[in-house]
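Structural overview for review
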Amino acid sequence: MTESAKLAVFGEALFDCFADQQKLGGAPFNVAWHLQAFGYTPLLISRVGDDALGQQIKNAMQQWGMDLAGLQTDTTRPTGTVEVTLKGSEPHYQITDNVAYDFIDKAALPALRNDVIVYHGSLALRHPHNHEVLAHLKQAASVSVFIDVNLRAPWWDKETLFAWLEQARWVKLNADELAALGFQSADLLQDMIRMQTNFQLEQLIVTRG
């Protein structure tokens, strides 16, 4: 990480595959891309395959002046992909399993500042391998954590997610995810207050899609 960098973004870089096109994405990648546009020089920690899609991700990052020090290359697993279909106005996802971002290498991680802000979602933590990697990134007591909850069945369970939320300073999720985590009543604001209090969050952001 560069001397001035204070943001590490951990998780998936992938391609969303629609019927007529492929779009570079993944929530962590999108966050890193927009942070870069705002001049915050984030470090994206992810893993792509040694394939054409992985090369497209590297090329895009280079074009945007992003730091590639945290982007690893996997010679045996492919770059992540998601088949996206629309049912009505809602997207539905078929997420490819056992891809490069599921196996980020802890030994290849760049050194981070002790006061780094770590952003992560929940999809890239669907397998135990990356749990250890993320724990390593968050080991310093002065690390601050922003969790972007992105529930994708069947790739999450409440007990594990709650353990991560207990380590967070800030959390973002949507109204459906808030309800799925058990904070569901006729009063959205009270549900938000209950969740914020439960996990002692400095800030809770709920989007209403």
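In case you missed it, the structure is sitting above this.
Residues numbered from 1 in each chain as written. Predicted model: local features only at pLDDT ≥ 70, side-chain atom pairs only at ≥ 80, totals over all residues. Heavy atoms only, no water.

What the chain contains, in helices and strands, is 6 helices and 11 strands. Expected size for 209 residues packed as a compact globule is a radius of gyration near 17 Å; at 17 Å, the chain falls within 12% of this value. With respect to the principal axes defined by its C-alpha atoms, the chain has extents near 50 × 45 × 35 Å. Long-range pairs, those at least 24 residues apart, make up 68% of the contacts in the chain between residues at least 6 apart in sequence. (Helix = DSSP H or I, 4+ residues; strand = E, 2+ residues; numbered from the N terminus. Rg over C-alpha atoms; globule rule 2.2 N^0.38 Å. Contact = heavy atoms within 4.5 Å.)

Every α-helix carries 3.6 residues per turn, so stepping three or four residues along brings you back to the same face. Taken together, the buried positions of helix α1 (residues 27-37) are occupied by Pro28, Phe29, Ala32 and Gln36. The arc that holds every buried residue of α1, seen down its axis, measures 100°, which confines them to one face. Buried positions along α1 lie against β1 (7-10), β3 (22-25), β4 (43-49), α2 (52-63) and β8 (117-120). Note on α1: the residue one or two positions beyond its end, Gly39, has a positive phi of about 85°. (Buried < 20%, exposed > 50% of the residue type's maximum accessible area, 1.4 Å probe, protein only. Arc of directions from axis to C-beta.)

All told, the structure shown has 6 aromatic pairs when counted by the stated rule. Considering the side-chain rings of Trp33 and Trp64, the 4.6 Å spacing of their centres and the 5° angle between planes classify their relative orientation as stacked. Highlighted residues: Trp33 in helix α1 and Trp64 in the loop between α2 and β5 (71-74), separated in sequence by 31 residues. Given a relative accessible area of 33%, Trp64 falls into the partly exposed group. On the basis of an interplanar angle of 80° and a centroid distance of 5.0 Å, the ring pair of Phe162 and Phe199 is categorised as edge-to-face. (Phe/Tyr/Trp six-rings, centres within 6.5 Å; stacked < 30°, edge-to-face > 60°.)

Before going further, it helps to spend a moment on the pattern of salt bridges. Here the structure, examined in full by the defined rule, presents 9 salt bridges. Arg47 is paired through a salt bridge with Asp74; the nearest N and O atoms lie 3.1 Å apart. With Arg47 in strand β4 and Asp74 in strand β5, this residue pair connects regions lying 27 residues apart in the sequence. Neither Arg47 nor Asp74 differs from the other in exposure class; each is buried. Between Glu132 and Lys106 there is a salt bridge, and its shortest N-O distance comes to 2.8 Å. Of this pair, Glu132 sits in helix α3 (residues 128-137) while Lys106 is found in the loop between β7 (90-95) and β8, placing the two residues 26 residues apart along the sequence. Using a relative accessible area of 35% as the deciding quantity, one classes Lys106 as partly exposed. The network of salt bridges with common partners includes Arg47, Asp74 and Arg77. (Salt bridge = Lys/Arg side-chain N within 4 Å of Asp/Glu carboxyl O.)

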